[in-house]
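Chain residues, written in single-letter form:
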Amino acid sequence: MAVTLILGGARSGKSSRAQALAEAESDTRTFIATAEALDDEMAERIARHQSDRGKGWTTIDAPLSLADALRRSTGKVVLVDCLTLWLSNVMHHERDPDQETARLLETFDTPKTLILVSNEVGFGLVPETRLGRRFRDAQGRLNQAVAAACDRVELVVAGLPLVLK
């Protein structure tokens, strides 16, 4: 099946685009969530996303073990939202981002349709801190590796998708 990457900035409409693609593809859908509700604001964001999805989704929480979650997902369509939070979790737990990316890419050989959401963080200012620059660079490498392995890549800006591949 196809693997699609949806890129975009914060609040660009990338999650809505990914959800619409998944819902048009199949009634049997799995949502893999990488966010954790570590504070009230994030809990509200997660609740809003869950409400936007509505019924018809099976959810797997995978803030760290994304490759394992993809392997055990059962939907014909699997939506991962988002790779950026997953990468942040990987780095926070001092795991090797390149090694974890390689594990993720191994899951792309599947009969399922995969739709992955990721932030494009390279359009902004150079981060002030060493950690910020390290994260920005790791995110860029992750997006490049995933995009190279995908059948389709879209960039969403102001709610409008632009097909890159």
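The paragraphs below set out a description of the structure included in this document. This structure is a prediction, so every number in the text was calculated from the model and none was measured.

**Side note on the pattern of salt bridges**
1) Next: Counted by the stated rule, this structure contains nine salt bridges.
2) Next: Note that Asp68 is salt-bridged to Arg103, the shortest N-O span being 3.1 Å. One end of the pair, Asp68, is in helix α3 (residues 66–72); the other, Arg103, is in helix α5 (residues 97–105), with 35 residues separating them in the sequence.
3) Next: Under the relative-accessibility criterion, Asp68 is labelled partly exposed at 33%.
4) Next: Linking Arg136 and Asp137 is a salt bridge whose minimum nitrogen-to-oxygen distance equals 2.9 Å.
5) Next: The class of Arg136 is partly exposed, set by a relative accessible area of 22%.
6) Next: Take Asp137: its relative accessible area is 36%, and that puts it in the partly exposed class.
7) Next: Salt bridges sharing common partners tie together Asp68, Arg71, Glu100, Arg103 and Glu106.

Thresholds applied
- Residues numbered from 1 in each chain as written.
- Predicted model: local features only at pLDDT ≥ 70, side-chain atom pairs only at ≥ 80, totals over all residues.
- Heavy atoms only, no water.
- Salt bridge = Lys/Arg side-chain N within 4 Å of Asp/Glu carboxyl O.
- Helix = DSSP H or I, 4+ residues; strand = E, 2+ residues; numbered from the N terminus.
- Buried < 20%, exposed > 50% of the residue type's maximum accessible area, 1.4 Å probe, protein only.

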